[in-house]
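# Architecture at a glance
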Amino acid sequence: MPEAVAHAGRVPPKADAPVREITFGEAIREALAEEMRRDPKVVLLGEDVAEAGTAFKVLKGLVEEFGKDRVIDTPISEAGFTGLAVGAAMTGLRPIVDIMFGDFIALVMDQVVNQAAKSHYMSGGRWKVPMVIRATMGATRRSAAQHSQSLHAWPSHVPGLKVAIPSTPYDAKGLLKTAIRDDNPVVFFEDKISYAKVKGPVPEGDYTIPFGVADIKREGRDVTLVATSSMVQVALGAAAMLEEIGISAEVVDPRTTWPLDEKTLIESVRKTSRALVIDEGSFRYGVTGELASVIAEGAFYELDGPVRRLGARHVPIPFSPPLEDATVPAERDVVDLVRQMCNK
Amino acid sequence: MPEAVAHAGRVPPKADAPVREITFGEAIREALAEEMRRDPKVVLLGEDVAEAGTAFKVLKGLVEEFGKDRVIDTPISEAGFTGLAVGAAMTGLRPIVDIMFGDFIALVMDQVVNQAAKSHYMSGGRWKVPMVIRATMGATRRSAAQHSQSLHAWPSHVPGLKVAIPSTPYDAKGLLKTAIRDDNPVVFFEDKISYAKVKGPVPEGDYTIPFGVADIKREGRDVTLVATSSMVQVALGAAAMLEEIGISAEVVDPRTTWPLDEKTLIESVRKTSRALVIDEGSFRYGVTGELASVIAEGAFYELDGPVRRLGARHVPIPFSPPLEDATVPAERDVVDLVRQMCNK
Amino acid sequence: MMAIRLFEERVNDLYTRALMPGLAHLYIGEEAVAVGVCEALQPDDYITSTHRGHGHCLAKGAVPHLMFAELLGKEAGYCKGKGGSMHIADPGTGNLGANAIVGGGAGIATGAAFASKYQGTGRVSVCFFGEGALGQGVLYEEMNLAQLWKLPVIYACENNLYNEYTHYSETTAGDIMARPAAFGVAAQAVDGQDVRAVHAAASAMIDRARRGDGPGFLLLNTYRYRGHHVGDVARDYYRPKQEEQRWMADRDPIALHAAWLLAQGIADQAALDRITEELTAEMDAAVDYAMKAPYPDPGRVDEDIYA
Amino acid sequence: MMAIRLFEERVNDLYTRALMPGLAHLYIGEEAVAVGVCEALQPDDYITSTHRGHGHCLAKGAVPHLMFAELLGKEAGYCKGKGGSMHIADPGTGNLGANAIVGGGAGIATGAAFASKYQGTGRVSVCFFGEGALGQGVLYEEMNLAQLWKLPVIYACENNLYNEYTHYSETTAGDIMARPAAFGVAAQAVDGQDVRAVHAAASAMIDRARRGDGPGFLLLNTYRYRGHHVGDVARDYYRPKQEEQRWMADRDPIALHAAWLLAQGIADQAALDRITEELTAEMDAAVDYAMKAPYPDPGRVDEDIYA
Ligand SMILES: Cc1ncc(C[n+]2csc(CCOP(=O)(O)OP(=O)(O)O)c2C)c(N)n1
Ligand SMILES: Cc1ncc(C[n+]2csc(CCOP(=O)(O)OP(=O)(O)O)c2C)c(N)n1
Ligand SMILES: [Mg+2]
Ligand SMILES: [Mg+2]
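Parameters at a glance
Along each chain, the written sequence defines residue order, and numbers are assigned to residues from 1. A letter from A marks each chain and a number from 1 marks each ligand, given out in the order of writing. Given that the model is predicted, a residue must reach a pLDDT of at least 70 before its local features are reported, and side-chain atom pairs must reach 80 or more before they are shown or counted; all residues, however, enter totals for whole chains, interfaces and linings. To obtain the side-chain values, all non-hydrogen atoms of the structure were included, while hydrogens and water were left out. Throughout, a residue-residue contact means that at least one pair of heavy atoms, one from each residue, lies within 4.5 Å. A quick way to say it: buried area is the sum, across both parts, of accessible area lost when two parts are put together, with a 1.4 Å probe. Only one rule defines a salt bridge in this text: a Lys or Arg side-chain nitrogen within 4 Å of an Asp or Glu carboxyl oxygen. Under this definition, polar contacts are N or O atom pairs within 3.5 Å; protein pairs additionally need one hydrogen-donor-capable and one acceptor-capable atom, and for neighbouring residues in sequence, both atoms have to be side-chain atoms. The way it works is that DSSP assigns letters per residue, a run of H or I at least four long becomes a helix, a run of E at least two long becomes a strand, and they are numbered from the N terminus. Note on definitions. A residue lies near a molecule or strand when any single heavy atom of the residue is within 4 Å of it. Polarity classes work like this: nonpolar for Ala, Val, Leu, Ile, Met, Phe, Trp, Tyr, Cys and Pro, charged for Asp, Glu, Lys and Arg, and polar for all others, with Gly in that last group. Note on exposure labels: buried denotes an accessible area under 20% of the residue type's maximum, exposed denotes more than 50%, and partly exposed covers the range between, all computed with a 1.4 Å probe on protein chains only. Each metal's donors comprise the N, O and S atoms found within 2.8 Å of it (within 3.2 Å for Na, K or Ca). Water is not part of the atom list, so some coordination spheres may appear incomplete. For four-coordinate sites, all angles between 85 and 135 degrees define a tetrahedron; for four- and six-coordinate sites, opposite donors beyond 155 degrees with the remaining angles between 65 and 115 define square planar and octahedral shapes respectively, and all other cases count as irregular. Following DSSP output, two strands are said to pair if at least two bridges run between them. Where helices are involved, their axes are fitted lines through C-alpha atoms of the stretch in contact, as for all axes, and angles between N-to-C directions lie from 0 to 180°. In what follows, roughly perpendicular refers to angles from 65 to 115 degrees, roughly parallel to angles under 35, roughly antiparallel to angles over 145, and oblique to any angle outside these ranges. Each crossing is labelled by how the near helix is turned from the far one, with a counterclockwise turn of less than a right angle marking it left-handed and a clockwise turn marking it right-handed. Stacked, tilted and edge-to-face are the three classes assigned to paired rings of Phe, Tyr and Trp, where Trp is represented by its six-membered ring and a pair needs centres within 6.5 Å; plane angles under 30 degrees give stacked, over 60 edge-to-face, the rest tilted. Accessibility throughout is a Shrake-Rupley quantity obtained with a 1.4 Å probe, and a residue counts as covered only by protein chains that appear here. Assignment of crossover handedness uses the view with strands pointing away from the viewer, where a clockwise path from the first strand over the helix to the second indicates a right-handed crossover. Where each domain begins and ends follows an automated or database-derived domain assignment.

### Some points on the interface of chain A and chain B
Residue-level contacts link 56 residues of chain A with 56 residues of chain B. Buried surface at the junction of chain A and chain B, both sides included, amounts to about 5000 Å², of which 60% is carbon and sulfur. Broken down residue by residue, the surface that chain A buries against chain B is led by W154(A), H157(A) and Y285(A), which jointly contribute 19%. Here chain A and chain B share eight salt bridges between them. Note that E290(A) and R284(B) form a salt bridge whose closest N and O atoms lie 2.8 Å from each other. For the pair chain A and chain B, the number of links is 32 residue pairs in polar contact (both at pLDDT 80 or more). Broken down by secondary-structure element, the contributors of at least two residues to the side of chain A that touches chain B are α4 (109-122), α5 (153-156), β13 (256-258), β14 (275-282), α10 (287-298) and β15 (308-312) of chain A. Considering each element in turn, the side of chain A that touches chain B owes the most residues, ten residues, to α10(A).

Dropping the structure here:
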């Protein structure tokens, strides 16, 4: 488990509001609070979201400001309240549902995939479903196999959904605002470890980050590390270590898996000629396969070697610390693999 | 919609039992009947599986032979009866559940992914869950967005599950028997169109096909078409058309997405130097991404050009025939893309 | 009711003549349910419908020519041909959508009621579903939420005795009426073949919901005359012909209502015949319109994925 | 009961001293439920348990040193360290597994009852769950199946008043007892702090189920003394301290049972003290064993994925 607080993110120069260092969790809360102030149609539904402020305390304070009519404790009925949110979204609200552990999206796939994602298309564009499904992701909390999954590959596979997967406080705030204002169902994944452990500069007040725009978190020449969510910190850490042995790594964060900014990914790899894709989801048939394929196809003639991938080991996440630590890619794994890719 | 019956599949020479031509649906039924005769622990659960023999009539006759205690009509409770099957599997039975339309696996992901897939691992290997989840897949039946999805990428992403996706009657029978005898949860996808429209040679009596062994459905020199399920027929049709213009296509069917026979895929592409992956699932973050990545990595230095992919268009499946026909890869699409890949 | 009957007969005809793609689930025999309930609703109230949805959609105000166009996959249809029979949806008539997932409307209808209460619009929503949907756990999750939050939603359970090819007694333990009651939801059973009885019960429940007194559950006992879908013709193995004949002879909602109208002197036979004639002409024209309407251009496939 | 109490106190201690990874949900205060029910079961009967599962596992026969080893992620644990606190499972004691998905045991327990009936083994299974699981629709799907097929399964609902940090009255409409009844499932409410009452009610229902008369539902009214999990220490915002104190002072299952034993002359204080002493020694030894036990080799991570 990462002990130190990672300092992550840059604010683009154009931002003119005062900038503070806040945590990933605070950035989420701030985005929610600002959007709720801005638009009375925004409501929050989930288990223990009100006084408790969720199991992760991320929503602390919202019920005090917005009241129990807008920050609503639900029964433990993930499918029930998510389905309810679909109907509420169709009829004028902008509901945000809180899926406490991302593992529980398995309980709402029917509502999200068969209902929310398809209503607009099936109605020939006549109904809209502007809702956000916030779900956590990420392991290394010793929470074992049913509370540690990163299942963002599933909704990314489904036409009609958008999927955001921020890695820094700055991105979290800007992307969450975009998600809330989007007229489509958006699944928004938040890494649990990042809530308290990742800190970074975030402007006060309003700004949004468009979906489908990757962010180059670090520029480099020799290899492109395409990383998502928690793995961006890992990639940045590895990049610093690689620097010391003379390998200059570029770190690119797609920020949304759908829409996907193929262009930025491909251009980076055209420049560096090597690519490693790192994602915390289970390794097989997940996010790394899509991103690696997009790159391998788009930068084929510039590639010096095959696009490589790192994901969570293809096992259910074990409880025991030494076992769990062997499942999620760490800086060391990235460094070793990149050295091999660069013959260094 | 394919009008003609496709004749598909070869029987390996070693088979010594009499061989008949039967349909894909008949092969499924035969596998179930033989396994139920062989092992009284095998029971079938699902909606309208008994007298009605399922919506697709695939199970017709089973209840007459095995009785209502073993061929069991359930309420419309996909999560309920799938969850029940998990417990029954742990305590001595080999249940097979029938998910009428593959779209409904969205309703059972929690039971399959959070329970069935993880029980063995979480218990340190002490409990086993020998069950089969049979689900249909495939579009082009004018069934619209909630009855046409091919969601096999989801379980393929999940450690602890095995996933079979047969394309011919021969494979269907042999793989289903393997699935039923496997001590792990297996998700088994059956293409609805193939039930009646794909016919092929199948030996009478017992044989099994091991998981994780790809089958070369057609040998060729210039390009490898990696195809799954319904797309194998499309690939074979395209290969015949390509032959006429002097392109020799090899068609490789992985048969199971997990375990995956990486070796056969990679070796084929090392030989042909070009690869196109074709799968009926939605294009993005699906099966094609994984297979293409495996090939691009394993055959990188032999590839003449990027590995290409064809999947269902990234849209909810529309009802209207001309629209639906534009969503699923057809022979023409394969031929056009391969010609481009071969500069012919 | 007559409009729905005539509509469905034409659907059957189109399908049998291989002019209609896909499948269709006919509502013939159940007309009094949709009509009795929807007549008790305001135009801007909401409904969610099912795979057997034509009757609900028409009763809520859909026009036949746009429905036929949708059923035939034409650009002019309610959903530009993208939805088809199982997905008719129309904001103009408060139709949140037919739904091909059994129980799929439960969340949506409950959510529309939530939005109505939150926004103070006074709208009620009705969730139509077959008794087969009693097997879907999400229905209980929704009833619990609706009762906790006193949402203006009516759960309209159409018990036509069969879940596809299985009698509901083989799939439904206990007493149906006790299920909503267990969640505190007010429940009433009604003869679903008696349109006036349905209307009276629905009106009372809808008024109550609109007043803020919470959700209701209507158990509407009815029967489908035809197969589960248009292709289900040999039905003997799951239900006796006599059962079908008995319902058609003794419990036909249209015949019962016509008899009542005549007995009360509200209409004479000539008036009824005239209505039938007019509706027949309307339906034939609607079919004609839909048959002639063009298919969408294949390029449209990529539109409407995202708003 | 005392064994569970002492076990849980040690869990709390290990956690507070940062010696235990992850989280733990303590069963302190609810001991009579697990003990009363499990004492009515045969060794080869089945249970499914929950995130708050230590009590169920111990009551069904698990031994403390292997449990502590599992809680600490050690190779010697029941699940080789792969499961942890929320996933203790043990075929040897009929424990189908604790489960970190609320309601996650419902299908499994019902399925074990199905297999028991199918194979004629006569085994009963008990599905333990918190009242929060009443929010999960799958529970109703399972009760419906169990009653339809007369399966020998008991749904044991532990109502400790809170779903995490939310009072159950905010999440549960209607009357809990009416829910199983709606599916035809025999239901009984019991004082969950009175181990003899729990045992009597459970015995009757288990016998009935074993005879083939179908499933049962026990509502066990109880209270957790501690936080939702070991880290939940500042609880004032969701429940008053006095409430906790009242339950501990007046309704402690161990104190009540001890008083009864003394009053009946079945045991004297010295005997009770001796038991406590012995159990304390056993628990301390078990912790000691587990603390000294080695972690699994990281290479083991890839084992046990497939059978
Ligand atoms: C979740 C789900 N499971 C199964 C089906 C397949 N199916 C379609 S209609 C039907 C029967 C529905 O019965 P009921 O709810 O009584 O409606 P009816 O057809 O009688 O109007 C089934 C099982 C489905 N569409 N959705
Ligand atoms: C499906 C699911 N949703 C949410 C959670 C998170 N969660 C864990 S315990 C809990 C509360 C459970 O309350 P209850 O069932 O009453 O059990 P108790 O903790 O009171 O014993 C919640 C919401 C979960 N584990 N599973
Ligand atoms: Mg019905
Ligand atoms: Mg509780």
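### With respect to the site of ligand 1
Lining the immediate environment of ligand 1, one finds 22 residues, of which E78(B), H51(C), R52(C), A100(C) and N160(C) sit closest. Around ligand 1, the neighbouring residues derive from chains B and C rather than from a single chain. The separation between a nitrogen atom of ligand 1 and a polar side-chain atom of E78(B) is 2.6 Å. A100(C) is positioned such that a nitrogen or oxygen atom in its backbone is 2.7 Å from a nitrogen atom of ligand 1. By residue class, the composition of the shell around ligand 1 is nine nonpolar, eight polar and five charged.

### Focus on the pattern of salt bridges
Applying the stated criterion across every chain, the model contains 104 salt bridges over all chains. Taking the shortest distance from any N to any O, the salt bridge between D171(B) and R255(B) comes out at 2.9 Å. Of this pair, D171(B) sits in helix α6 (residues 169-181) while R255(B) sits in the loop between β12 (249-253) and β13 (256-258), and the two are 84 residues apart along the sequence. The class for D171(B) is buried, based on a relative accessible area of 0%. Bridged by salt links that share partners, the residues R20(A), E30(A), E34(A), E35(A), R38(A), K173(A), K177(A), R181(A) and D206(A) form one connected network.

### Describing the coordination of the magnesium ion (ligand 3)
All names here are of chain C. Every protein donor of the magnesium ion (ligand 3) is listed here as E131 (OE), E131 (OE), N160 (OD1) and Y162 (O), and their distances to the metal cover 2.1 to 2.6 Å. Around the magnesium ion (ligand 3), the six donor atoms are arranged such that angles at the metal cover 53 to 169 degrees; this shape is classified as irregular. Within one chain, the residues serving as donors to the magnesium ion (ligand 3) are arranged as E-x28-N-x1-Y. Of this pair, E131 sits in the loop between β2 (125-130) and α6 (137-148) while N160 sits in the loop between β3 (153-159) and β4 (162-163), and the two are 29 residues apart along the sequence. Given a relative accessible area of 2%, E131 falls into the buried group.

### Regarding the environment of A85(A)
Residues and elements named next belong to chain A. By the element assignment, A85 lies in helix α3 (residues 78-90). With a relative accessible area of 0%, A85 lands in the buried category. In contact with A85, other than residues within four places in its own chain, are L45, P95, V97 and M131.

### Thoughts on the sheet that holds strand β1 (residues 6-7) of chain B
All names here are of chain B. The mixed open sheet is built from three strands, whose spatial order is β1-β9-β2. Of all the strands in the sheet, the pair left with one neighbour each is β1 and β2 (19-23). Sheet topology places β1 next to strand β9 (residues 198-203); two bridges connect them, and they run parallel. Residue pairing for β9: H7 is matched across the bridge by K199. The sheet strands contacting helix α1 (residues 24-38) are β2 and β9, and the helix crosses β2 at an angle near 110 degrees. Taken strand by strand, α6 contacts β2 and β9, and its axis lies near 55 degrees from that of β9.

### Topic: the packing of helix α2 (residues 31-38) of chain D against helix α8 (residues 195-210) of chain D
All names here are of chain D. The geometry of α2 relative to α8 is characterised by a closest axis approach of 7 Å and an angle of 40 degrees between their N-to-C directions. Relative to α8, α2 is oriented oblique. Crossing handedness for the pair α2 and α8: right-handed. Note on element contacts: α8 touches α2 through V195, V198, H199, A202 and I206, opposite A32, V33, V35, G36 and V37.

### Brief notes about the packing of aromatic side chains
Applying the stated criterion to the full structure yields 37 aromatic pairs over all chains. Between F300(B) and Y301(B) the ring centres are 4.9 Å apart and the planes differ by 85 degrees, which places this aromatic pair in the edge-to-face class. Given a relative accessible area of 64%, Y301(B) falls into the exposed group. Aromatic side chains Y162(D) and Y238(D) sit 5.6 Å apart centroid to centroid with 70 degrees between the ring planes, which places their arrangement in the edge-to-face category.

### Quick word on the site of ligand 2
Of all residues adjacent to ligand 2, which total 22 residues, the nearest are E78(A), H51(D), R52(D), A100(D) and N160(D). Positioned at a junction of chains, ligand 2 has nearby residues supplied by chains A and D. At a separation of 2.7 Å, a nitrogen atom of ligand 2 approaches a polar backbone atom of A100(D). Within the backbone of V102(D), an N or O atom sits 3.0 Å from a nitrogen atom of ligand 2. Relative to its free-state accessible area of 580 Å², ligand 2 is covered by the protein chains to the extent of 98%.

### Here's the deal with the coordination of the magnesium ion (ligand 4)
Residue and element names in this part refer to chain D. The coordination sphere of the magnesium ion (ligand 4) contains the protein donors E131 (OE), E131 (OE), N160 (OD1) and Y162 (O), at a distance range of 2.1 to 2.6 Å. Seen from the magnesium ion (ligand 4), its six donor atoms lie at angles of 52 to 169 degrees, and the figure they make is irregular. The sequence motif formed by the donor residues of the magnesium ion (ligand 4) is E-x28-N-x1-Y. Linking E131 in the loop between β2 (125-130) and α6 (138-148) with Y162 in strand β4 (residues 162-163), this pair joins segments that are 31 residues apart in sequence. One exposure class covers both E131 and Y162, and it is buried.

### Description of the interface of chain A and chain C
Each partner contributes to the interface: chain A provides 46 residues, whereas chain C provides 39 residues. Taken together, both faces of the contact between chain A and chain C bury some 3200 Å²; the carbon and sulfur share is 64%. For R126(A), the salt bridge is made with D90(C), and the minimal N-O distance between the two is 2.9 Å. For the pair chain A and chain C, the interface holds 16 residue pairs in polar contact (both at pLDDT 80 or more). When contributions to the side of chain A that touches chain C are tallied by element, the ones reaching two or more residues are β3 (42-46), β4 (71-73), α3 and α4 of chain A.

### Details of the pairing of strand β8 (residues 186-191) of chain A
Residue and element names in this part refer to chain A. Within β8, six of the six residues are buried, leaving the element largely enclosed by the surrounding structure. Both strand β6 (residues 132-137) and β8 contribute to a ladder of six bridges, which runs parallel. Each bridged residue has a counterpart across the sheet, and for R134 the counterpart in β8 is F188. Where strand β7 (residues 162-164) and β8 come together, three bridges link them in parallel fashion. Looking across to β8, one finds that V163 is bridged to V187. Chirality of the crossover, the property in question, places the unit of β7, helix α6 (residues 169-181) and β8 among those that are right-handed.

### Re the environment of E190(A)
Residue and element names in this part refer to chain A. Here E190 lies in strand β8. For E190, a relative accessible area of 0% corresponds to the buried category. C-alpha of E190 to C-alpha of M137: the two residues are 53 residues apart in sequence and 5.9 Å apart in space. E190 has contacts with F24, I28, R134, A135, T136, M137 and Y195, leaving out every residue within four places of it along the chain.

### A word on the environment of E324(B)
Within the element layout of this structure, E324(B) appears in helix α11 (residues 321-324). Distance in space between the C-alpha atoms of E324(B) and R313(B) is 9.7 Å, their sequence separation being eleven residues.

### As for the domain arrangement of chain A
Residues and elements named next belong to chain A. Assigned domains within chain A: domain 1 (3-203) and domain 2 (215-341). On a C-alpha basis, the centroid separation for the pair domain 1 and domain 2 is 25 Å. If you look at the interface, domain 1 gives 28 residues, while domain 2 gives 29 residues. A buried area of about 2200 Å², summed over both sides, lies between domain 1 and domain 2, and 54% of it is on carbon and sulfur atoms. The partner of K217 in a salt bridge is D171, with the nearest N and O atoms 2.4 Å apart. Summed over the shared surface of domain 1 and domain 2, the number is 13 residue pairs in polar contact (both at pLDDT 80 or more). Looking at the side of domain 1 that touches domain 2, the element that brings in the most residues is β7, giving three residues. Considered class by class, the residues forming the side of domain 1 that touches domain 2 number 14 nonpolar, eight polar and six charged.

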